[in-house]
Amino acid sequence: MSKYGIHEAPSDVVVADNDGLAEKLDGKTLKAAAKADQLEHTMNWRDAFKTHKKAIFWSMALSGALIMEGYDVVVIASFYGHPTFLRRFGVVSPGSTNGYVIPAEWQSALSNGSSAGGIIGLLVNGWAADRYGPKIVMQTSIIALTGFIFIMVFAKSLTMLVIGEVFCGIPWGVFQTLTTAYASEVCPIQLRGYLTTYVNLCWGAGILLSSGVVKATLNIQSDWSWRLPFVLQWMWVVPLFLVVYFCPTSPWWLVRKGRLDEAEDALMRLTNPDVYSREDAKNTVAMMVHTNELECQIQEGTTYLECFKGIDRRRTEVVMMVFAMQLLSGQNLAGQGVQFLQTAGISTNLAFSLNMVLNSMFMIGTMVSWILITYFGRRTLYTAGMATMCVVLFIIGGLGVVPSDSANHNSVVYGIGSLLIALNFFYNCTLGPICYTLVSETSSTRLRQKSVVLSRVAYQIVNIICGIIVPRMLSPTRGIGVRRVDSSGQGRSYGELDLLFEHKVPAWRFKSTKVDQFAVHHPVADEKEDIKHVD
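The paragraphs below set out a description of the structure included in this document.

Rules used in this analysis
Residues numbered from 1 in each chain as written. Predicted model: local features only at pLDDT ≥ 70, side-chain atom pairs only at ≥ 80, totals over all residues. Heavy atoms only, no water. Helix = DSSP H or I, 4+ residues; strand = E, 2+ residues; numbered from the N terminus. Buried < 20%, exposed > 50% of the residue type's maximum accessible area, 1.4 Å probe, protein only. Contact = heavy atoms within 4.5 Å. Areas by Shrake-Rupley, 256 points an atom, 1.4 Å probe, with all protein chains shown as cover. Patch = residues over 30% accessible without salt bridge, like charges linked within 9 Å, V, L, I, M, F, W, Y side chains within 5 Å. Salt bridge = Lys/Arg side-chain N within 4 Å of Asp/Glu carboxyl O. Axes fitted to C-alpha atoms, helices over the stretch in contact; angles between N-to-C directions. Left-handed = near helix turned anticlockwise from the far one by under 90°. Nonpolar A, V, L, I, M, F, W, Y, C, P; charged D, E, K, R; others polar. Phe/Tyr/Trp six-rings, centres within 6.5 Å; stacked < 30°, edge-to-face > 60°. Lys NZ or Arg CZ within 6 Å of the ring centre and 35° of its normal.

**A short note on the overall build of the chain**
Summing up its helical and strand segments, the chain has 23 helices and six strands in all. Counting over 535 residues, the chain shows a buried share of 58%. Of the contacts made within the chain by residues no fewer than 6 positions apart, 82% connect residues no fewer than 24 positions apart. When the accessible area of the chain is evaluated, it comes to approximately 21300 Å², of which 62% is carbon and sulfur surface.

Right under this line is the structure:
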């Protein structure tokens, strides 16, 4: 290695244009960047945990916003089988389980209201987070949500509930992306997969909590049986606001804004000072600067339009399809668990109990995924999960044709309920959590906020479609986009991933391709004088 931090590499190794970077970065910065990159790659899991304990804490604490979002978004769907809610807002339906139903068009409006608001929030967040910083945007969203919850609690009609869902969806859209981006930016390579998949566990914890709260209110005979679950949303506001206020700012965002000293301070707050020195922080910031300049070589802009230009178009396609496939896989069926189980002939009480078991799979499955990602690649888990879910959906569909007057009908009903739980388990071992890792790893660091936003917008658009059509009709589209999934971000730095995309390496070759972002394909002269930094 030369004093510039770069060295000669064999011709079969993908390298960066370090000659061009040397015109912008001095030799000291390049050498420090290479040192930090080498340290991160050689660090084992135990050392990463010891060094980045604070980063783990802040990432997990901020991801707690997804508990709130998971609770809020899913609670409305549970009311479609809630007797008191149905009597208050439903229409008479003598043949139904509870005697009342929410008309299909209003179910679509209620389910899609938060998605519509979420798209607005997502697009605003992609611009605002880059301009004002993630912390300010997150705090503003929490304050706004505090007011919007009043609409839900004191709604007098389905129209007011829909309006409330739309308004609440705006801050929920912010929560969906900022937490994932933060987890991917504050943690090293060794922990990135675990903490990005943890986002899925938080989402599942919120869903499980909402199903438990709704079941607990079943025996309340007043409007408070459906209002209380909305009221409990306020309990998240103060602790979440304090977490956002005190958490360190993302050092990647500070580097992109040229605030390098503040980025070093943020890194020191995110690491263990006993094993991580100020010099280590300076080297890590240098690596971030090198990666940022590397991406600027490829593409300067950071607008939404840039996500669809050049090599970033491929990355955007991947992240959008990865998120959309969460719903196109058929998992949306589990989101309508109570209503589906009641339709299958299961009693209201048992349907809500099974729904809690169903939703517990979010947490159990995510924990299992932590073991799986240690031994298997991202794409292996993603495609295996898709194939398994496809088989389960076909079996559920087959059981659905058994006549209701059949002698084995009860066994079939419980079989469908068990398979629905299995479907959610397989989803949360594979597609559910791995999606967050793929999205955070595939996007470039400069466009990460907007890439994650666009991926979630794709999810919300598909969610709106799923809120209109029958979820079981999703399985024929199970193959869309799987071929494009990049699974081998595992063990790769963001600079290496930039180079893989820049050189148009096929996704299936990501794991085997040799990459060195601090190498060149010609001899390096050690005696070359330092090049001064060009502002």
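**Observations concerning the environment of L158**
Within the fold, L158 resides in helix 9 (residues 158–186). The spatial distance from the C-alpha of L158 to the C-alpha of F89 is 6.6 Å, given a sequence separation of 69 residues. Excluding residues within four positions of it along the chain, L158 makes contact with F85, F89, W106 and L110.

**A few points about a nonpolar patch on the surface**
A surface patch of nonpolar side chains, about 490 Å² in accessible area, is lined by I120, V124, W127, Y132 and I136. For Y132, the location among the structural elements is in helix 7 (residues 104–132). The class of Y132 is partly exposed, set by a relative accessible area of 41%.

**As for the packing of helix 4 (residues 53–63) against helix 12 (residues 237–246)**
Here helix 4 crosses helix 12 at 145°, and the two axes come no closer than 9 Å. In the crossing of helix 4 with helix 12, the sense of the turn from one axis to the other is left-handed. In this structure, helix 4 uses W58, A61 and L62 to contact helix 12, whose residues at the interface are V243, V244 and F246. For the contact of helix 4 with helix 12, the class distribution of residues is six nonpolar, no polar and no charged.

**Here's the deal with the pattern of salt bridges**
Using the criterion set out here, one finds eight salt bridges in the structure. For the salt bridge of E264 with R278, the shortest nitrogen-to-oxygen distance reads 3.6 Å. In this pair, E264 is assigned in helix 14 (residues 260–270) and R278 in helix 15 (residues 278–298), connecting sequence segments 14 residues apart. Its relative accessible area of 38% is what places R278 among the partly exposed residues. Measuring nitrogen to oxygen at the nearest pair gives 3.8 Å for the salt bridge that ties K309 to E306. Assessed through its relative accessible area of 36%, K309 is described here as partly exposed. Connected via shared salt-bridge partners are E264, D265, R278 and K282.

**Focus: the packing of aromatic side chains**
Going through the model one piece at a time under the given rule, you end up with 17 aromatic pairs. With a centroid separation of 6.4 Å and an interplanar angle of 80°, the aromatic rings of W45 and Y194 are classed as edge-to-face. A residue pair is termed long-range when its members are at least 10 positions apart, and W45 in helix 3 (residues 45–51) and Y194 in helix 10 (residues 189–216) qualify at 149 residues. Each ring, one from F148 and one from F167, has its centre 5.3 Å from the other, and the planes form 45°; the classification is tilted. Here F148, found in helix 8 (residues 134–153), pairs with F167, found in helix 9; they are 19 residues apart in sequence, far enough to count as distant. The ring of W203 has R456 lying over it, and the distance from NZ or CZ to the ring centre is 5.4 Å. Across the ring face of Y459, the terminal group of R456 is positioned such that the distance to the ring centre comes to 4.0 Å.

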